[in-house]
Every structure is written in C-alpha cells, then in structure tokens.
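# A look at the structure
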Amino acid sequence: MNEGVAASDGEDRGSIPSPRNAADAYRVSDEELHRARKVVADNSQGPDDLRLLLDMLGLVSNNPDLPPPVSR
C-alpha cells in the first residue's frame, strides 16, 4: 500500500482504483452510474439542461431505441 494514501493513524481511508483500459473505459458499476446521474440532476438548471448534460456525458442515449454509450 502506498504510504501517501494511508491515514496517519494506520487506518485505510479509501483506495485508489486501478486504471481502466480501453476495453472497459465505458463500463461503470450500477452505483457509479446512479451517482453520476444524481450529481448531474442536482446541478442542472432544468429538464432541458439535465437531458443535454446527461447526453453529453453519455449517461443517456440521444436515441430512445439505443442504450446509452456508458454501460454497466
């Protein structure tokens, strides 16, 4: 474990995720997807802004017949 990441009292306060490779760059967990959508919703200016931001981030599809670019 990297000593710079460890807490001074010896407790692990979190871990650094491993880097993603090209194959899983667009794959995220259900929890990550939920948290990302919630942050965007909390900070959007309205429904049109929310839809635009989610689409720009790949969290929704601009075509309702296709899945979003970011998948689980």
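Counting its secondary structure elements, the protein contains two helices and zero strands. In the protein, which comprises 72 residues, the proportion classed as buried is 15%. Contacts in the protein between residues far apart in sequence, at least 24 positions, make up 31% of those at least 6 positions apart. Just so you have it, the protein exposes about 5,900 Å², and 52% of that area is on carbon and sulfur atoms.

This next bit is on the packing of helix 1 (residues 30-43) against helix 2 (residues 47-56). Following both chains from N to C, one finds helix 1 and helix 2 inclined at 145°, their axes separated by 9 Å at the closest point. Remark: the crossing between helix 1 and helix 2 carries right-handed chirality. Of the residues in helix 2, those in contact with Arg37, Val40 and Ala41 of helix 1 are Leu50, Leu53 and Leu54. Broken down by class, the residue content of the contact of helix 1 with helix 2 amounts to five nonpolar, no polar and one charged.

Once that is clear, we can look at the nonpolar core. Counting residues in hydrophobic clusters, the biggest one holds seven residues: Val28, Leu33, Val40, Leu54, Leu59, Val60 and Val70. Look past the residues within four positions of Leu54 in its chain and what remains in contact with it is Arg37, Val40, Leu59 and Val60.

A surface patch of nonpolar side chains, about 320 Å² in accessible area, is lined by Leu52, Met56 and Leu57. With respect to the helices, strands and loops of the structure, Leu57 is situated in the segment after helix 2.

Mapped onto the secondary structure, Ser44 falls in the loop between helix 1 and helix 2. On the basis of relative accessibility, which here comes to 18%, the residue Ser44 falls in the buried class. One polar contact links the side chain of Ser44 to the main-chain carbonyl oxygen of Ala41, over a distance of 3.2 Å. What Ser44 contacts, discounting residues up to four positions off in sequence, is Asp49, Leu50 and Leu53.

Procedures and definitions
Residues numbered from 1 in each chain as written. Predicted model: local features only at pLDDT ≥ 70, side-chain atom pairs only at ≥ 80, totals over all residues. Heavy atoms only, no water. Helix = DSSP H or I, 4+ residues; strand = E, 2+ residues; numbered from the N terminus. Buried < 20%, exposed > 50% of the residue type's maximum accessible area, 1.4 Å probe, protein only. Contact = heavy atoms within 4.5 Å. Areas by Shrake-Rupley, 256 points an atom, 1.4 Å probe, with all protein chains shown as cover. Axes fitted to C-alpha atoms, helices over the stretch in contact; angles between N-to-C directions. Left-handed = near helix turned anticlockwise from the far one by under 90°. Nonpolar A, V, L, I, M, F, W, Y, C, P; charged D, E, K, R; others polar. Core = buried A, V, L, I, M, F, W, Y, C linked by side-chain atoms within 4.5 Å. Patch = residues over 30% accessible without salt bridge, like charges linked within 9 Å, V, L, I, M, F, W, Y side chains within 5 Å. Salt bridge = Lys/Arg side-chain N within 4 Å of Asp/Glu carboxyl O. Polar contact = N/O pair within 3.5 Å; in protein donor to acceptor, adjacent residues only side chain to side chain.

On their own, these measurements won't tell you what the molecule is for.
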